[in-house]
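Coordinate analysis (summary)
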Amino acid sequence: KKDKLSEVRQFQDRLYTGFNRQNLARFVNRYMARTNFIDKLKTMKCRVLMVTGSRSAHMKDVERTYSAMDRQNSEILKLDGGDVMDDNPEKLAESMLFFLQGLGLASSVRSKKMSRGTSLSAPDA
């Protein structure tokens with residue numbers, strides 16, 4: 001028990017002496033003065049792809065944000081896993097590529113599936 005108590009005291013000492021008080025005060029002031037961007041999401045004009053993992057700790061926040069957006073300009077993608085960058089990077093990259101191609105961008109970039117020799121055209125008869 002003494003070890004835990006001394007660790008807590010060490011942490012408190014580092015907390016009170018290790019921070020630049022001016023920077024901390026600025027951070028707290030900016031945090032308290034932040035605006036709620038959720039109210040402005042309906043008026044966004046750009047296309048948005050929101051990505052979350054099916055077991056992500058932030059999935060509910062992503063869903064809440066998506067529900068506040070204009071459905072004409074937004075899409076949500078839920079991939080298997082918690083952290084999609086670690087758990088499913090290929091699927092994320094492919095989905096982002098398709099999203100960009102749907103916007104008319106990156107049309108010359110092929111996904112791995114398309115570059116394996118598969119073709120969308122009908123076979124020669």
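Everything below is about the structure shown above.
Calculation rules
- Residues numbered from 1 in each chain as written.
- Predicted model: local features only at pLDDT ≥ 70, side-chain atom pairs only at ≥ 80, totals over all residues.
- Heavy atoms only, no water.
- Core = buried A, V, L, I, M, F, W, Y, C linked by side-chain atoms within 4.5 Å.
- Buried < 20%, exposed > 50% of the residue type's maximum accessible area, 1.4 Å probe, protein only.
- Helix = DSSP H or I, 4+ residues; strand = E, 2+ residues; numbered from the N terminus.
- Contact = heavy atoms within 4.5 Å.
- Salt bridge = Lys/Arg side-chain N within 4 Å of Asp/Glu carboxyl O.
- Expected span 1.5 Å × (residues − 1).
- Patch = residues over 30% accessible without salt bridge, like charges linked within 9 Å, V, L, I, M, F, W, Y side chains within 5 Å.
- Areas by Shrake-Rupley, 256 points an atom, 1.4 Å probe, with all protein chains shown as cover.

1. So, the nonpolar core
Core analysis: the largest hydrophobic core is formed by eight residues, namely Ile-38, Leu-41, Val-48, Met-50, Val-62, Tyr-66, Ala-68 and Met-69. Mapped onto this core, the elements with two or more residues apiece are strand E1 (48-53) and helix H3 (59-67). If we skip the residues at most four places from it in the chain, Ile-38 touches Arg-64, Thr-65 and Ala-68.

2. Section: the pattern of salt bridges
Evaluated as defined, the whole model comprises four salt bridges. Glu-75 is the partner of Arg-47 in a salt bridge, and the nearest nitrogen-oxygen pair spans 2.6 Å. Of this pair, Arg-47 sits in the loop between helix H2 (21-32) and E1 while Glu-75 sits in strand E2 (residues 74-79), and the two are 28 residues apart along the sequence. The partly exposed category is assigned to Arg-47, whose relative accessible area is 32%. Using a relative accessible area of 34% as the deciding quantity, one classes Glu-75 as partly exposed. The partner of Lys-60 in a salt bridge is Glu-63, and the shortest N-O contact between them spans 3.9 Å. Note that Lys-60 and Glu-63 are positioned in helix H3 at a spacing of three residues, about one turn of the helix. Using a relative accessible area of 22% as the deciding quantity, one classes Glu-63 as partly exposed. Through salt bridges with shared partners, a single ionic network connects Lys-60, Glu-63 and Lys-78.

3. Digging into the side chain of Ser-95
One can find Ser-95 in helix H5 (residues 89-102). Classification of Ser-95 as buried rests on a relative accessible area of 14%.

4. Quick notes on H5
Residue pairs spaced three or four apart in an α-helix point in one direction, given the helix's 3.6 residues per turn. Its 14 residues give H5 an end-to-end C-alpha distance of 20 Å, which sits within 8% of 20 Å, the value for a rise of 1.5 Å per residue. Within H5, burial applies to Leu-92, Glu-94, Ser-95, Leu-97 and Phe-99. Buried residues belonging to H5 abut E1, E2 and helix H4 (84-87). Backbone geometry just downstream of H5 places Gly-104 in the positive-phi region, at approximately 85°.

5. Focus on a nonpolar patch on the surface
On the surface, a nonpolar cluster with roughly 980 Å² of combined accessible area is contributed by Phe-11, Leu-15, Tyr-16, Phe-19, Leu-24, Phe-27, Val-28, Tyr-31 and Met-32. Sorting the residues of the nonpolar patch by element identifies helix H1 (2-18) and H2 as the ones contributing at least two each. If one sorts the elements of the nonpolar patch by residue count, H2 sits on top with five residues. Owing to a relative accessible area of 48%, Phe-11 belongs among the partly exposed residues under this scheme.

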